[in-house]
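# Structural overview for review
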Amino acid sequence: MHPFAYHRAETGRQAVDLARSSVMTRAPQQASAQFIAGGTTMTDLMKLNVLQPEALVDINRMSGEPYDQVVETAEGLRFGALVRMAEAQDHPAVVRDYPVIAETLRLAASQQIRAMASLGGNVLQRTRCAYFRETSWPCNKRNPGSGCAAINGMNRQHAVLGTSEHCIATYPGDFAQALIALEASVETLGPKGARRFPFATLHRAPEASPELETRLEPGELIAFIDVPARPWARRSHYLKVRDRESYEFAVAAAAIVLDLDGEIVRQARIALGGVATVPWRASAAEDALVGQRLDEDRALAAAEAAFTDARSYGANDFKISLGKRTLMRALLETKRMEI
Amino acid sequence: MESDNMTRRNFLASTTGAAAVPIAADWLAGSPAHATETMPVQRGDNLANVTLRVNRQTYRLGLDGRTTLLDAVRDHIGLAGTKKGCDHGQCGACTVLIDGQRHLACMTFALMAEGREITTIEGLAGPDGKLHPMQQAFIDHDAFQCGYCTPGQILSAIACVHEGHAETDAQIREYMSGNLCRCAAYPNIVAAIRQAKNNMEGA
């Protein structure tokens, strides 16, 4: 591991200033100063020499704003970025009003990691692509322009949606799919002050620049995540299909929020995980459901719509049919929920 | 390991020389530092002063900033009960309690743990040597074979009970999934946690 300077921030402003005092010219994920909270991604990737920051800004003790609290307001739920996954998963308002959030958190990682990992760090978790994590391989995300070893390599875990000829790495998280389906927004602090934008625009598909994973600017820090009040989100669900029963990343997953009038779908929000390069909003599947009676045939039509543009790379061919079946089952399970 | 006999670890330490001599004197002398929370200071030798609270004792250490809490506890404080398995947060062998929450010591830089209350396997028994109910339950149920994962299993299991995640066998299995046991003593671990849960709640 490369040596680094360690700074401890007492406030959000100070965190941004400490990060800015280091040279920040590269993409945020490769910048020479990095924020660290739970550290479950950062320490791992530093040990692998995938990340080599010159400075770490420890934001765990930031105060002055409720960075470590879940606050209920008339507009919805406001998650401080330093709230730990394990706290949020058992928060009464989360469990009662947003089952899809509780499920995405509880089904992720292990309880130790959930006790450490912050929500702000969770949504920025880096891909598990083995070629990204092992520095002897080419990887456009880690080393822009070096090529992608996964496209013709061992790509069973890789994405079938949102890929490009430069990168097919899967976005590994779960919580982000709930935030997409609930149309959450993000509030950040940065060198230019605070700003707010839809969570759905946080992550960037790889296209020609896989190293640019988010729209965060160098030195910009997620401070809050806002989930709007949505009474019909009580009918929401996350189905995660994995190679083993616990403590594993998704092979395919679906986050569903349904507004039903009897069997007729008034509104639907769908996000897919494990199959895409970014937390993936399945808008075409939503369109296939609205105004329709939700039965097996309709769920199949939605699943077909979701994967129309899917492209697979050999070992991950199975993800297209598995992804469709996962979405179908998730829709029908959500329909059957007792509210 | 607590006997007067020379342990394997003492033998290794005495033959290789202590790596942190100037600082080791602090804790060997048993002088609790009573330090209030301070910012780490970068020293001329590229080591940072780090004050850790481990098992109700304060330790002042001079550490390279890259030192994980796991390496600080094992190699600099000399508490080798906490085990290094994968060193990447995948096996749970290094689980300790930080302010009562179960954390992976391999994924925590020691600097980040300043001012926190850290509990390792060595801090569980009472002053009279009486084992924690979870330690006793692991013995009663033969909940290990080689024992390497056991310290992490026990710390994790204590937190599992305190969190209220030990209500059913299925819940115990799910919430203990971050602790791998290559000997596969899982059924006995579940039985031990069930027993300890009753004893911890009765205490």
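Presented here is an overview of the structure given in this document.

### Some thoughts on the overall build of chain B
For chain B, the count of helices and strands is seven helices and five strands. Mapped in sequence order, the helices and strands of chain B form the string α-α-β-β-α-β-β-β-α-α-α-α. Burial statistics for chain B: of 203 residues in total, 49% are counted as buried. Of the contacts formed within chain B by residues at least 6 apart in sequence, a portion of 57% connects residues at least 24 apart.

### Focus on the packing of helix 4 (residues 133-140) of chain B against helix 5 (residues 150-163) of chain B
All names here are of chain B. Running from N to C, helix 4 and helix 5 cross one another at 125 degrees; their axes reach a closest spacing of 10 Å. Relative to helix 5, the element helix 4 lies oblique. Both helix 4 and helix 5 take part in a crossing whose hand is right-handed. Mapping the contact onto sequence places Met-134, Gln-135 and Phe-138 in helix 4 and Thr-150, Gln-153, Ile-154, Ala-157, Ile-158 and Val-161 in helix 5. When grouped by side-chain class, the residues that make up the contact of helix 4 with helix 5 number six nonpolar, three polar and no charged.

### Observations concerning the packing of aromatic side chains
A full pass over the atoms with the stated rule returns four aromatic pairs over all chains. Plain terms: the ring middles of Phe-4 of chain A and Phe-109 of chain B are 5.0 Å apart, the flat faces sit at 55 degrees to each other, and that makes the pair tilted. Of this pair, Phe-4 of chain A sits in the segment before strand 1 (5-8) while Phe-109 of chain B sits in the loop between strand 4 (101-104) and strand 5 (117-119), which puts the two residues in different chains. Phe-4 of chain A sits in the buried class, given a relative accessible area of 12%. Phe-109 of chain B sits in the buried class, given a relative accessible area of 1%. Taking 4.9 Å as the distance between ring centres and 80 degrees as the angle between the ring planes, the aromatic pair formed by Tyr-131 of chain A and Trp-137 of chain A counts as edge-to-face.

### A look at the pattern of salt bridges
Going through the model one piece at a time under the given rule, you end up with 39 salt bridges over all chains. Arg-66 of chain B serves as the salt-bridge partner of Asp-64 of chain B, at 2.9 Å between the closest nitrogen and oxygen. On the accessibility criterion, Arg-66 of chain B (29% relative accessible area) is partly exposed. Bridged by salt links that share partners, the residues Glu-183, Arg-230, Arg-269, Arg-281 and Glu-286 of chain A form one connected network.

Thresholds applied
- Residues numbered from 1 in each chain as written.
- Chains lettered and ligands numbered in written order.
- Predicted model: local features only at pLDDT ≥ 70, side-chain atom pairs only at ≥ 80, totals over all residues.
- Heavy atoms only, no water.
- Helix = DSSP H or I, 4+ residues; strand = E, 2+ residues; numbered from the N terminus.
- Buried < 20%, exposed > 50% of the residue type's maximum accessible area, 1.4 Å probe, protein only.
- Contact = heavy atoms within 4.5 Å.
- Axes fitted to C-alpha atoms, helices over the stretch in contact; angles between N-to-C directions.
- Parallel < 35°, antiparallel > 145°, perpendicular 65-115°, else oblique.
- Left-handed = near helix turned anticlockwise from the far one by under 90°.
- Nonpolar A, V, L, I, M, F, W, Y, C, P; charged D, E, K, R; others polar.
- Phe/Tyr/Trp six-rings, centres within 6.5 Å; stacked < 30°, edge-to-face > 60°.
- Salt bridge = Lys/Arg side-chain N within 4 Å of Asp/Glu carboxyl O.

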